[in-house]
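# Secondary and tertiary structure notes
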Amino acid sequence: MTVAIAERGVHTDGWVASGFEEVRAEFDRNLAERGEIGAAVAAYWRGEKVVDLWGGHRAPHGDAPWNEDTMVLVHSTTKGLAAMTAAVASARGWLDYEAPVARYWPEFAQNGKGEITIRQLLGHEAGLVFLDETPRVEAMRDLDAIARLLARQKPAWPPGTRHGYHAMTIGLYLQEVIRRADPAHRTLGRFFQEEIARPLQIEFYLGLPPEIPGERLARLKPFTPWRALRALPSTPHELVLRVLWPWSLARKSMLFADLDPNDRRYLEVEVPAGNGVGTARSIARAYSAFAEGGAELGITPATFATLTAPPEFARPMDEVLGLPSWYSLGYLRPGPQLGFGTSPRAFGTPGAGGSFAFADPDTRLGYAYVMNKMDFYMFDDPREKPLRDAVHRAIKRLSGS
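Counting restarts for each chain, with residues numbered from 1 along the sequence as it is written. Totals for whole chains, interfaces and linings use all residues, but because this is a predicted model, local features are given only for residues with pLDDT of at least 70 and pairs of side-chain atoms are given and counted only at 80 or more. With hydrogens and water excluded, all non-hydrogen atoms of the structure serve as input to the side-chain values.

In a beta sheet, neighbouring strands pair by backbone hydrogen bonds and run either parallel or antiparallel. Any two strands are treated as partners once DSSP identifies two or more bridges connecting them. Numbering of helices and strands runs from the N terminus; a helix is a DSSP stretch of H or I covering at least four residues, while a strand is a stretch of E covering at least two. Judged by pairing direction, the sheet is antiparallel, and its 3 strands sit side by side in the order E5-E7-E6 without closing on themselves. With partners counted over all chains shown, the strands left at the sheet margins are strand E5 (72–73) and strand E6 (204–205), one partner each. Relative to strand E7 (residues 277–278), E6 runs antiparallel, the two sharing 2 bridges. Pairing of tyrosine 205 across the sheet is with valine 277, part of E7.

If you want it as structure tokens, here you go:
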């Protein structure tokens, strides 16, 4: 069904199940009132698709529509899909979350990293938030050279003593862990395709194949200094100060290679913390498989229980962002000042600019929102949160709770 929004000259298309009409209304408002350019939202409940909407334009300029098969870069929402590979590897018996990284990758033990566990690495506790030697995009094709660079890096704090957001590095480290732990030594992107994407019949790529035509890709409206100034009132002051201070961990973690979100060369290498490309439908479907316990991907009850267990932090303050955060096994988790899902068992990851996806095992929900206008909210973006809340209200009404 197509719905025209006359004020902006754009359309929304797609489908919602009976009872989820409010989600469509909120999605239409994003394009008509909240300044969205192009976007998509999807949700699976109890294993069935209940929301699949898309609309607007796939580029900041021009009239090219966002189509059913339009894919978009989702920045750090990628981290959640990448973390699924670790969960699958754990369920296969190839990867032990409690083992030292150096068990799989002996060279990693350099510069005081010998005791860092897989759990600490995926919980952003390793102190490996930046690289002293920053690789260029083309250099990332040589995974052996990247591995040597990563192994040489010295932690910014004693591992395991605190946590702080590893914005881009966590994906590179996880890439090498998967390559070492997997008996076939596949790259993380190939592992994801063969163990997750193909079984679920979804389109999401860590390393975009060259044969994907450019007209299927949404073009992002990136951050600019002027837009950043206008966003200051809605951005946490602690984060602003850390980003502006040239020697802060936050600033160092962001000065990473020559990354251009609209450059096809960047999309075609594997950067598992931030350059995943796909549809909202595919991301929500993947999270739905995990919300259902992951059995169709071979996730065991023991691995699922480990994945959904509440994270344990002596202090929730993030050393990099200057804000409280709760991470476990590659996922952001709900906390006292950051809520999503219906219980502490929910897990997901937001992406820079406004995308977000998560699994809520208690309501058996897999959800994803993607867009091409990058905005400045760390979480609860006012385009995404109304959709998420509408999905939860619909589920609550339909389940009689």
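Next, the rest of the story.
Attention now moves to the nonpolar core. What we call a nonpolar core is a set of buried Ala, Val, Leu, Ile, Met, Phe, Trp, Tyr and Cys residues that are connected through their side-chain atoms within 4.5 Å. Throughout this description, buried means an accessible area under 20% of the type-specific maximum (1.4 Å probe, protein chains only), exposed means over 50%, and partly exposed covers the range between. Counting residues in each nonpolar core, the largest one holds 125 residues, and the members touching the most others are Phe20, Val51, Trp105, Ile283, Tyr287 and Tyr367. For this core, the element with the highest residue contribution is helix H2 (residues 78–91), accounting for 9 residues. Aside from chain neighbours lying at most four places away, what touches tyrosine 287 is Gly80, Leu81, Met84, Tyr331, Phe347, Gly348, Thr349, Ala357, Phe358, Ala359, Gly366 and Tyr367. Should any heavy atoms of two residues lie within 4.5 Å, those residues are counted as being in contact.

Attention shifts here to the pattern of salt bridges. Salt bridge, as used here, is a side-chain nitrogen of Lys or Arg placed within 4 Å of a carboxyl oxygen of Asp or Glu. Scanning all chains against the criterion turns up 31 salt bridges. Here glutamate 268 and arginine 264 are joined by a salt bridge, their closest N and O atoms 2.8 Å apart. You can see glutamate 268 and its partner arginine 264 sitting in helix H11 (residues 264–268), 4 residues apart, about one turn around the helix. With relative accessibility at 24%, the residue glutamate 268 sits in the partly exposed group. What emerges from the salt-bridge pattern is a single network uniting Arg92, Asp182, Arg186, Arg190, Glu194 and Glu195.

Here we come to helix H12 (residues 280–291). Helix span, as expected, comes to 1.5 Å for every residue beyond the first. Compared with the 16 Å implied by 1.5 Å per residue over 12 residues, the 16 Å span of H12 between its first and last C-alpha is a close match. The buried count for H12 comes to 12 of 12 residues, which makes it a mostly enclosed element. Along H12, the residues that are buried comprise Ala280, Arg281, Ser282, Ile283, Ala284, Arg285, Ala286, Tyr287, Ser288, Ala289, Phe290 and Ala291.

Here we come to the side chain of threonine 78. Structurally, threonine 78 is set in helix H2. When sequence neighbours within four positions are dropped, the list of residues in contact with threonine 78 reads Phe204, Leu206, Val271, Pro272, Ala273, Gly274, Asn275 and Gly276.

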